Amino acid sequence: MRRLLLQAAHIVARQKHGYLPAQFRRIAARRGKKRAGMAVAHSILVIIYHLLTDEVPYEEKGETFFEERDREMTEKRLIRQLERLGHHVTLQPLAPAG
């Protein structure tokens, strides 16, 4: 089972778009390809488990999932820091350029 999951993880890693390839690239940059392969294999196993227990179809999170999550976390962290310094913070999106 472990070998099959690792093979699937390395096949997924060769793809260009999607959540799992993005996860592989993100982890491989920090920890190396072997650990990234094991992490993606674990993610595949968790996805299979939830698909079988919850009986729901797989929904791709997309390759921008990590970028969006990091952006939201950075916004929250910076707002908390400013509020600790005694500032009142309200966020308003910038008008589109052009």
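The rules behind these values
Residue indices begin from 1 for each chain and proceed along its sequence in written order. For this predicted model, a pLDDT threshold of at least 70 governs which residues receive local features, and a threshold of 80 or more governs which side-chain atom pairs are given and counted, while totals over whole chains, interfaces and linings are taken from all residues. The basis for every side-chain value is the complete set of non-hydrogen atoms in the structure, without hydrogens or water. Salt bridge, as used here: a side-chain nitrogen of Lys or Arg that lies within 4 Å of a carboxyl oxygen of Asp or Glu. Each helix is a run of DSSP H or I of at least 4 residues and each strand a run of E of at least 2, with the numbering of both proceeding from the N terminus. Classification of residues uses two cut-offs on accessible area relative to the type maximum, computed with a 1.4 Å probe and protein chains only: under 20% is buried, over 50% is exposed, and between them is partly exposed. A cavity here means a set of 1 Å grid points, computed over protein atoms only, where a 1.4 Å probe fits but cannot escape. A pocket is an open set with protein on both sides within 12 Å along at least 5 of 7 lines, and lining residues have an atom within 4 Å of a point. Grid points are joined across faces, edges and corners, and a volume is the space filled by probe spheres set on the points. Just so you know the grouping, Ala, Val, Leu, Ile, Met, Phe, Trp, Tyr, Cys and Pro go in nonpolar, Asp, Glu, Lys and Arg go in charged, and all remaining residues, Gly too, go in polar. By this rule the span expected of a helix is its residue count minus one, scaled by 1.5 Å.

Trainee: I keep staring at the pattern of salt bridges and nothing clicks. Help me out?
Mentor: A side chain of one charge can pair with a side chain of the opposite charge when the charged atoms of the two come close. Evaluated as defined, the whole model comprises two salt bridges. The salt bridge involving Arg26 is made with Asp70; its shortest N-O contact spans 3.0 Å. Separated by 44 residues along the polypeptide, Arg26 in helix H2 (residues 19-31) and Asp70 in helix H4 (residues 65-84) bring together distant segments of the chain. A residue is classified by how much of its surface remains accessible, and Arg26, at 31% relative accessible area, is partly exposed. Close ionic contact of Glu75 with Arg71 constitutes a salt bridge, the shortest N to O distance being 3.7 Å. Taken together, the residues Glu75 and Arg71, both in helix H4 and four residues apart, mark about one turn of the helix.

Trainee: Sorry, what's going on with the layout of surface pockets here?
Mentor: In this approach, a probe sized like a water molecule rolls over the atoms, and the result shows the empty space that is left. Space inside the largest pocket adds up to approximately 190 Å³. Tyr19, Ser43, Val46, Ile47, His50, Leu51, Val56, Pro57, Tyr58, Glu59 and Lys61 are the residues that line the largest pocket. No other element matches helix H3 (residues 33-54), which puts five residues into the lining of the largest pocket. Among the residues making up the lining of the largest pocket, the classes are represented as seven nonpolar, two polar and two charged.

Trainee: Please explain H4 as it appears in this structure.
Mentor: In an α-helix, one full turn covers 3.6 residues, which means residues spaced three or four apart are oriented alike. Between its terminal C-alpha atoms H4 stretches 29 Å, which fits the 28 Å expected from 20 residues at 1.5 Å a residue. Phi turns positive one or two residues past the end of H4, at Gly86, with a value near 95 degrees.

Trainee: Sorry, what's going on with unusual backbone geometry here?
Mentor: When glycine is set aside, most residues are seen to have a negative phi, and most peptide bonds are trans. Phi is positive for Glu55, which is not a glycine, with a value near 55 degrees. With respect to the helices and strands, Glu55 occurs in the loop between H3 and H4. What makes Glu55 exposed here is its relative accessible area of 69%.

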